[in-house]
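# Structural description and commentary
One-letter residues, chain by chain:
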Amino acid sequence: MSSFHSATALLLVLLLGCFVASMADFSSTVDITWGDHRGAISRNGQQLSLSLDKISGSGFQSKQEFLFGKFDMKIKLVPGNSAGTVTAYYLSSQGPFHDEIDMEFLGNLSGQPYTLHTNVYTQGKGNREQQFHLWFDPTADFHTYTILWNPQQIMFYVDGGLIRVFRNHQSAGIGYPSKQAMRLYSSLWDAEDWATQGGRVKTDWTKAPFTATFSNIGISGCAKTGLSSSCDASSSAWMNQAAVTSDLQKMNWVQKNYMIYNYCRDVQRFPQGLPPECSL
Ligand SMILES: *[C@@H]1O[C@H](CO)[C@@H](O)[C@H](O)[C@H]1NC(C)=O
């Protein structure tokens, strides 16, 4: 190896090393933005907890905004009777015509399954829900939830397994988030009016405070600085990532066995016809 190449390699290793270290650390990556003492960073920046009581929930957001990225988070959801609680993990831009990519975990009675609710908003319009039950107890341990957003598609993963793809069909006139930078947000709040079994089961406040725990935050994205955005060293991997056969097999398995709602099959809701992306 020439000295030029070894110097470049060393620099790359240093850059990547720096990057990984800072991104796993909540203190340098996010700000707790509401809920007072209910949001707390611990373990030297490696863990973050959000809690909810009768007075307030809590939440945090990434310090930076990104135009495309891969966002990994390990989450251990509220255990026991979590009915009425919502733990949200999502990307969103600002303003009335905002774009948004959601993963929301709707709590349930002890022993009843959580619902993972996913949605994609473009220009302020959502209505693209898919919901799933999980094939494990998400309160017993940390599991990894990933949103990968690149110019070709949005992919949702659970423990590295693909569960949903939303493709860019802008050429067919279908909205796709591709111009507005987004921040990563997470929050724990109460939605007993609708969250659990359609709102029939309310929150049991004698069990409060409710707590969800986060670790291993991993953001690899194109951070917005002023009017432009610059991508980090590992961006090329996810920027061109597409679903391969094994991803699609996993997704088919999840959708066949654990999907409980798909807007693309809800003909009663869309009497004028299903949204156009459903037939592409
Ligand atoms: C809660 O449990 C019920 C019964 O198993 C299930 O139908 C529902 O999807 C679960 N999730 C929520 C958020 O209600």
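Our subject is the structure that appears above.
Please read these numbers as outputs of a predicted model, since none were measured by experiment.

### Quick look at the overall build of the chain
- Check the secondary structure of the chain and you find 4 helices and 16 strands.
- Since a compact globule built from 280 residues should have a radius of gyration of about 19 Å, the 19 Å found for the chain is in line with a globular shape.
- By principal-axis analysis of the C-alpha atoms, the chain measures approximately 70 × 45 × 35 Å.
- Taking all 280 residues of the chain together, 49% fall into the buried category.
- Accessible surface for the chain amounts to roughly 13400 Å². Of this, 54% is attributable to carbon and sulfur atoms.
- The chain carries 21 positive and 22 negative side-chain charges, and their two centres are separated by 4 Å.

### Focus: the environment of Arg38
- Examined against the element boundaries, Arg38 turns out to sit in the loop between strand E1 (30-34) and strand E2 (39-42).
- Beyond its immediate chain neighbours, meaning those up to four positions away, Arg38 contacts Ser49, Leu50, Ser51, Asp53, Ile55, Ser56, Gly57 and Ser58.
- Looking at Arg38, its side chain comes within polar contact range of the main-chain oxygen of Ser56, at 3.5 Å.

### Let's talk about the pairing of strand E5 (residues 66-76)
- Here E5 runs beside strand E14 (residues 210-225); their pairing, made up of 8 bridges, is antiparallel. Pairing of Phe66 across the sheet is with Ala223, part of E14.
- Bridging between E5 and strand E10 (residues 143-149) involves 7 bridges; their strand directions are antiparallel. Residue Asp72 lies in a different strand from E10, and its bridge partner there is Thr146.

### Remarks on the packing of aromatic side chains
- Summed over all chains, the structure comprises 13 aromatic pairs.
- Taking 5.0 Å as the distance between ring centres and 55 degrees as the angle between the ring planes, the aromatic pair formed by Phe68 and Trp149 counts as tilted. Highlighted residues: Phe68 in strand E5 and Trp149 in strand E10, separated in sequence by 81 residues.
- The exposure class assigned to Phe68 is buried, which follows from its relative accessible area of 10%.
- For Trp149, a relative accessible area of 0% gives the class buried.
- One aromatic cluster is present, formed by Trp135, Phe136, Trp253 and Tyr258 through successive ring pairs.

### Remarks on the site of the ligand
- Close contacts around the ligand come from Leu106, Gly107, Asn108, Gln112, Pro113, Thr115, His133, Ala195, Thr196, Gln197 and Ile260, and that covers them all.
- Contact between the ligand and His133: an oxygen atom at 2.9 Å from a side-chain N or O atom of the residue.
- One of the backbone N or O atoms of Gln197 is found 2.7 Å from an oxygen atom in the ligand.
- Isolated, the ligand exposes 360 Å² of accessible area, and the fraction of that covered by the protein chains is 71%.

### Re helix H4 (residues 245-258)
- The end-to-end C-alpha separation of H4 is 19 Å, in line with the 20 Å expected for 14 residues at 1.5 Å each.
- Buried residues in H4 make contact with strand E9 (130-132), strand E12 (161-167) and strand E16 (259-262).

### Some remarks on the environment of Ser28
- One can find Ser28 in helix H2 (residues 26-29).
- For the pair Ser28 and Lys63, spaced 35 residues apart in sequence, the C-alpha separation works out to 8.0 Å.
- A polar side-chain atom of Ser28 sits 3.3 Å from the main-chain carbonyl oxygen of Asp25.

### Digging into the side chain of Glu277
- Position of Glu277 relative to the elements: it lies in the segment after E16.
- Polar side-chain contacts of Glu277 include one of 3.0 Å to the side chain of Arg128.
- Once residues within four sequence positions are removed from consideration, Glu277 is found in contact with Arg128, Phe166, Ile174 and Tyr263.

### Some words on the pattern of salt bridges
- Following the criterion strictly, the structure yields 8 salt bridges and no others.
- The residue Arg38 makes a salt bridge to Asp53 at a minimum N-O spacing of 2.9 Å. Taken together, the positions of Arg38 in the loop between E1 and E2 and Asp53 in the loop between strand E3 (47-52) and strand E4 (58-62) put the pair 15 residues apart, joining distant regions of the chain.
- For Glu129, the salt bridge is made with Arg269, and the minimal N-O distance between the two is 2.8 Å. Here Glu129, found in the loop between strand E8 (115-121) and E9, pairs with Arg269, found in the segment after E16; they are 140 residues apart in sequence, far enough to count as distant.
- Judged by relative accessible area, Arg269 falls into the partly exposed class, the value being 29%.
- Via salt bridges that share partners, Asp36, Arg38 and Asp53 belong to a single interconnected network.

Conventions adopted
- Residues numbered from 1 in each chain as written.
- Predicted model: local features only at pLDDT ≥ 70, side-chain atom pairs only at ≥ 80, totals over all residues.
- Heavy atoms only, no water.
- Helix = DSSP H or I, 4+ residues; strand = E, 2+ residues; numbered from the N terminus.
- Rg over C-alpha atoms; globule rule 2.2 N^0.38 Å.
- Buried < 20%, exposed > 50% of the residue type's maximum accessible area, 1.4 Å probe, protein only.
- Areas by Shrake-Rupley, 256 points an atom, 1.4 Å probe, with all protein chains shown as cover.
- Lys, Arg positive; Asp, Glu negative; His and termini not counted.
- Charge placed at Lys NZ, Arg CZ, Asp CG, Glu CD.
- Contact = heavy atoms within 4.5 Å.
- Polar contact = N/O pair within 3.5 Å; in protein donor to acceptor, adjacent residues only side chain to side chain.
- Pairing = 2+ DSSP bridges.
- Phe/Tyr/Trp six-rings, centres within 6.5 Å; stacked < 30°, edge-to-face > 60°.
- Near = heavy atom within 4 Å.
- Expected span 1.5 Å × (residues − 1).
- Salt bridge = Lys/Arg side-chain N within 4 Å of Asp/Glu carboxyl O.

All quantities given are derived from atomic positions and should not be read as evidence of function.
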